[in-house]
Amino acid sequence: MGRRLKLEDVTCEVTPSRTRARVQLRNSGVSHVGLATGQPQEACARVVAQATVNAVRMYAGFAGADLRLALDSVQVLTAPTPLAVVTVTLGAGGREFLLAGSAPAGEDPRWAVARAVLQALNRQIERIAPPDAQVAALG
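Since the structure is predicted, the reported quantities are computational estimates derived from the model, not experimental observations. (Residues numbered from 1 in each chain as written. Predicted model: local features only at pLDDT ≥ 70, side-chain atom pairs only at ≥ 80, totals over all residues. Heavy atoms only, no water.)

A. Structural context of the pattern of salt bridges. Considering all chains together, one arrives at 4 salt bridges under this definition. A salt bridge links arginine 20 to glutamate 13, with the nearest nitrogen and oxygen atoms 2.3 Å apart. Judged by relative accessible area, which is 34%, arginine 20 ranks as partly exposed. Residue classification places glutamate 13 among the partly exposed positions, given a relative accessible area of 37%. (Salt bridge = Lys/Arg side-chain N within 4 Å of Asp/Glu carboxyl O. Buried < 20%, exposed > 50% of the residue type's maximum accessible area, 1.4 Å probe, protein only.)

B. Fine view of the packing of helix 1 (residues 44–58) against helix 2 (residues 109–122). Helix 2 packs onto helix 1 with a crossing angle of 40° between their chain directions and a minimal axis gap of 9 Å. With respect to their mutual orientation, helix 1 and helix 2 come out oblique. You can see that helix 1 and helix 2 cross each other, and the crossing is right-handed. Residues Cys44, Ala45, Val48, Ala49, Thr52, Val53 and Val56 of helix 1 lie in contact with helix 2, whose contacting residues are Arg110, Val113, Ala114, Val117, Leu118 and Leu121. (Axes fitted to C-alpha atoms, helices over the stretch in contact; angles between N-to-C directions. Helix = DSSP H or I, 4+ residues; strand = E, 2+ residues; numbered from the N terminus. Parallel < 35°, antiparallel > 145°, perpendicular 65-115°, else oblique. Left-handed = near helix turned anticlockwise from the far one by under 90°. Contact = heavy atoms within 4.5 Å.)

C. The state of the cysteines, seen in detail. Scanning the entire structure with this criterion turns up 1 disulfide. Each sulfur in the disulfide pair cysteine 12 and cysteine 44 lies 2.0 Å from the other. Taking the sign of the torsion about the S-S bond as the criterion, the disulfide between cysteine 12 and cysteine 44, at about -90°, is left-handed. With cysteine 12 in strand 1 (residues 6–14) and cysteine 44 in helix 1, this pair connects stretches of sequence that are 32 residues apart. Among the residues examined, cysteine 12 registers a relative accessible area of 14% and is labelled buried. On the basis of relative accessible area, cysteine 44 is assigned to the buried category, the value being 19%. (Disulfide = S-S within 2.5 Å.)

D. Summary view of the nonpolar core. Within the largest apolar cluster, 36 residues are counted, with the highest numbers of intra-cluster contacts made by Leu25, Val48, Val86, Val88 and Val113. It is helix 1 that provides the largest number of residues to this core, a total of 9 residues. Ignoring anything within four residues of it in the chain, the contact list for valine 113 reads Ala45, Val48, Ala49, Val74, Val76, Ala84 and Val86. (Core = buried A, V, L, I, M, F, W, Y, C linked by side-chain atoms within 4.5 Å.)

E. Up close: helix 1. Compared with the 21 Å implied by 1.5 Å per residue over 15 residues, the 21 Å span of helix 1 between its first and last C-alpha is a close match. All of the buried residues along helix 1 are Cys44, Ala45, Val47, Val48, Ala49, Ala51, Thr52, Val53, Asn54, Ala55 and Val56. Summarising the contacts, the buried residues of helix 1 are in contact with strand 1, strand 2 (19–27), strand 3 (30–38), strand 4 (67–77), strand 5 (83–92) and helix 2. (Expected span 1.5 Å × (residues − 1).)

F. Here's a closer look at the side chain of threonine 19. For threonine 19, the position within the fold is in strand 2. Given a relative accessible area of 0%, threonine 19 falls into the buried group. One polar contact links the side chain of threonine 19 to the main-chain carbonyl oxygen of proline 40, over a distance of 3.3 Å. A distance of 3.2 Å separates a polar side-chain atom of threonine 19 from the backbone oxygen of glutamate 42. Not counting the four nearest positions on each side in its chain, threonine 19 is found in contact with Cys12, Glu13, Val14, Ala36, Thr37, Gly38, Gln39, Pro40, Glu42, Cys44 and Val47. (Polar contact = N/O pair within 3.5 Å; in protein donor to acceptor, adjacent residues only side chain to side chain.)

Have a look at this one:
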């Protein structure tokens, strides 16, 4: 497996006018930051997931590759154990794949959502990307 993107920081701020998230990933000493905003009533979980997708897009491995990435759904389940579940669509070489990832929500569901996005991609991206467009494993 190639180099891995590491989750460095996750923040989410809710103000009366908007919800704003920032996710920082690191790879080989280089940071990749994703930002996202939503309506004030929008849950931090969805905005953090979008910021994570945006950070992955900023990663140089996606530049010029025939890869498309879109957030589909985000859920933070509370029973029987806290769990973040995320689905994303990855398009590669004229094909689309629905990928799912999950992570224990524990004390901070925002970090769990970001980890779930990376886990969804880590499980499939090297297998489905064409060899000349493969990006490093995420995680």
